[in-house]
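Coordinates in review
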Amino acid sequence: MRFDVLVLGGGIVGTSLALDLALRGRTVALIDRGRPGAETSFGNAGLIQSEAVMPYAFPRDPLLLLQYALNLKPEAHYHIKDLFKIAPFMARYFMASNRAGQLKTAAANAPIFGACLAEHRRLAREAGVEAMLRPGGWLKVFRKEESLRKVLEDTRRDLEPFGVEYAVLDKPALQAMEPSLSDVVVGGIHWTTPYSLNDPEALTLAYARRFEALGGRFLSGNAMSLAEERDGWSVKTETGPVSARDCVVALGPWAPDLLRPMGYKVPMGVKRGYHVHMRPKGNAALGLPVLDADVGYMLVPMARGIRLTSGAEFAHRDSPATPRQIDMIEPYAREIMPLEGRVEAQPWKGARPCMPDMLPVMGKAPRHKGLWLNFGHAHHGLTLAGSAARLLGEMITGEAPYTDPAPYSLARFN
Ligand SMILES: Cc1cc2nc3c(=O)[nH]c(=O)nc-3n(C[C@H](O)[C@H](O)[C@H](O)COP(=O)(O)OP(=O)(O)OC[C@H]3O[C@@H](n4cnc5c(N)ncnc54)[C@H](O)[C@@H]3O)c2cc1C
């Protein structure tokens, strides 16, 4: 079977691009070894974070670093036995997290975060599911006045120049907005413009359905069978071999497995994360997602309950799950709002695909004709899926890209 484009990886990033290309009139095969949206894109916090222009930097405060080194804080955890494997990524991440590095990443982030709401709106409207995009933003709440003050200073300095909109809420305003929040919360920041979802998997599946309705094919196959041919690329699928002139690698945390044997340096690390759903007690409820900022985890109202999502776990992608952070945050979540028991016996685990400079890899592969890259969206793969789809869609079809793709090129590591 011959197509215009093969997209490898049916997470939110690959599926959004497949839909975008189908809307541009291209014939596309979307290839995954499993179902669309069943891996990292399944279990995230569901935020489409237009405000998140500043990258999550590696901390530099010595006391905090010591606490992290001793695995004492719920927001970060690491596997000591994986230290040797993850050290090169951690070292590069640390180096890129100085002030100059953060500002460089923020400048490159601005156009893609600036486009994220409109691009998801476009795709969701096409898929007939615009109502899945819950407006109203999200809340960053604080237990200590001092932390709120500090984050507000950073917000004024770092985010106002990018036009990020927010409101500061004192305790009564916060409780008026979210009556189930308890007294431990002293105030918060309301990011007013982002969207959130109550089922991230459902959005990917809706984009996949629309893609297929436009004539796109979703096929089961192993991306590792990718072969370069005289006039493009081919992959073996359960339906038979498929080929195309262009091929996009959208394999999220698995992208390096394919690209390293092709001779590319892909210094990706993963920040693993967990979620579990909790049943709210009585008629307790949340209207918007809430970040318990002094502890470092989120509570998100979702279809299956209040989703608690953990911070970062630094470990090898394939090491066994250690959902310690979920056990650590659950008592804090119970302080914030009335909760019953867990919905699932075992927490879900995913791996955020992170480049050391916290910028995604998007654009042409430096040394292979017709090979395109779209991965490494770190904490913001859901947020950026639509912006990335438009950028790659424009580049692959030869249109002028809406922003200069140079900062996202894999050439920066090669
Ligand atoms: C706890 C947590 C909370 C998060 N919260 C948010 C949030 O609120 N907002 C946000 O924007 N982002 C969030 N993220 C990040 C976001 O989930 C990821 O950046 C995003 O899901 C990455 O999408 P992807 O399509 O690149 O990867 P994936 O969803 O992992 O998709 C990759 C696909 O490739 C397929 N694949 C892999 N290997 C092969 C192979 N050999 N052959 C065929 N197919 C293959 C997989 O089956 C998979 O479907 C969060 C992440 C975590 C872990």
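Here goes a summary of the coordinates provided.

Calculation notes
- Residues numbered from 1 in each chain as written.
- Predicted model: local features only at pLDDT ≥ 70, side-chain atom pairs only at ≥ 80, totals over all residues.
- Heavy atoms only, no water.
- Phe/Tyr/Trp six-rings, centres within 6.5 Å; stacked < 30°, edge-to-face > 60°.
- Helix = DSSP H or I, 4+ residues; strand = E, 2+ residues; numbered from the N terminus.
- Buried < 20%, exposed > 50% of the residue type's maximum accessible area, 1.4 Å probe, protein only.
- Lys NZ or Arg CZ within 6 Å of the ring centre and 35° of its normal.
- Near = heavy atom within 4 Å.
- Polar contact = N/O pair within 3.5 Å; in protein donor to acceptor, adjacent residues only side chain to side chain.
- Areas by Shrake-Rupley, 256 points an atom, 1.4 Å probe, with all protein chains shown as cover.
- Nonpolar A, V, L, I, M, F, W, Y, C, P; charged D, E, K, R; others polar.
- Expected span 1.5 Å × (residues − 1).
- Arc of directions from axis to C-beta.
- Contact = heavy atoms within 4.5 Å.
- 1 Å grid on protein atoms, 1.4 Å probe; cavity = no way out; pocket = protein on both sides within 12 Å on 5 of 7 lines; lining within 4 Å.
- Points joined across faces, edges and corners; volume = space filled by probe spheres on them.

Focus on the packing of aromatic side chains
Within a pair of aromatic rings, the relevant descriptors are the distance that separates the centres and the angle that separates the planes. For the structure on display, the rule yields six aromatic pairs. Measuring from ring centre to ring centre gives 6.4 Å for Phe42 and Trp348, while their planes differ by 45 degrees; the resulting arrangement is tilted. Of the two residues, Phe42 is situated in the loop between strand S2 (28-32) and strand S3 (47-48) and Trp348 in strand S19 (residues 348-354); the sequence distance between them amounts to 306 residues. Take Trp348: its relative accessible area is 18%, and that puts it in the buried class. Feature note: the residues Phe58, Phe89, Tyr93 and Phe94 constitute an aromatic cluster, connected by ring pairs. The lysine or arginine in question, Arg33, covers the ring of Trp254, its NZ or CZ lying 4.9 Å from the ring centre. Between Arg60 and the ring centre of Phe94, over which it is positioned, the NZ or CZ distance is 4.0 Å.

What about the site of the ligand?
Around the ligand there are 32 residues in total, and Asp32, Thr40, Ser41, Ala378 and Thr383 lie nearest to it. Within the backbone of Gly381, a nitrogen or oxygen atom sits 2.9 Å from an oxygen atom of the ligand. Between Leu382 and the ligand, the recorded distance is 3.1 Å, taken from a backbone N or O atom to an oxygen atom. Compared with its free state, where it exposes 1000 Å², the ligand has 98% of that area covered by protein. Looking at the shell around the ligand, the elements that each hand over two or more residues are helix H1 (12-23), S19 and helix H10 (381-396). The leading source of residues in the shell around the ligand is H10, at three residues. Grouping the amino acids of the shell around the ligand by side-chain chemistry returns 13 nonpolar, 15 polar and four charged.

Describing helix H5 (residues 145-159)
For H5, which comprises 15 residues, the first-to-last C-alpha distance of 20 Å matches the rise-based estimate of 21 Å (1.5 Å per residue) to within 8%. Of all the positions in H5, only Ser147, Leu148, Val151, Leu152, Thr155, Asp158 and Leu159 are classed as buried. Viewed along the axis of H5, the buried residues span an arc of 150 degrees, placing them on a single side of the element. Buried residues belonging to H5 abut helix H4 (99-126), strand S5 (138-142), strand S6 (166-170) and strand S7 (187-191).

Thoughts on empty space enclosed by the protein
For the coordinates displayed, the defined rule picks out two cavities of 30 Å³ or more. Approximately 90 Å³ is the volume attributed to the largest cavity. Asn109, Phe113, Met358, Ala378 and His380 are the residues nearest the centre of the largest cavity, which is lined by 15 residues in total. Taken as a whole, the second largest cavity encloses approximately 50 Å³ of empty space. The wall of the second largest cavity is formed by Pro55, Tyr56, Ala57, Tyr93, Ala96, Ser97, Gly101, Gln102, Thr105, Pro356, Asp357 and Met358. Mapped by element, the contributors of at least two residues to the lining of the second largest cavity are helix H3 (83-96) and H4. For the lining of the second largest cavity, the element with the most residues is H4, which contributes three residues. Within the lining of the second largest cavity, the residues separate by chemical class into seven nonpolar, four polar and one charged.

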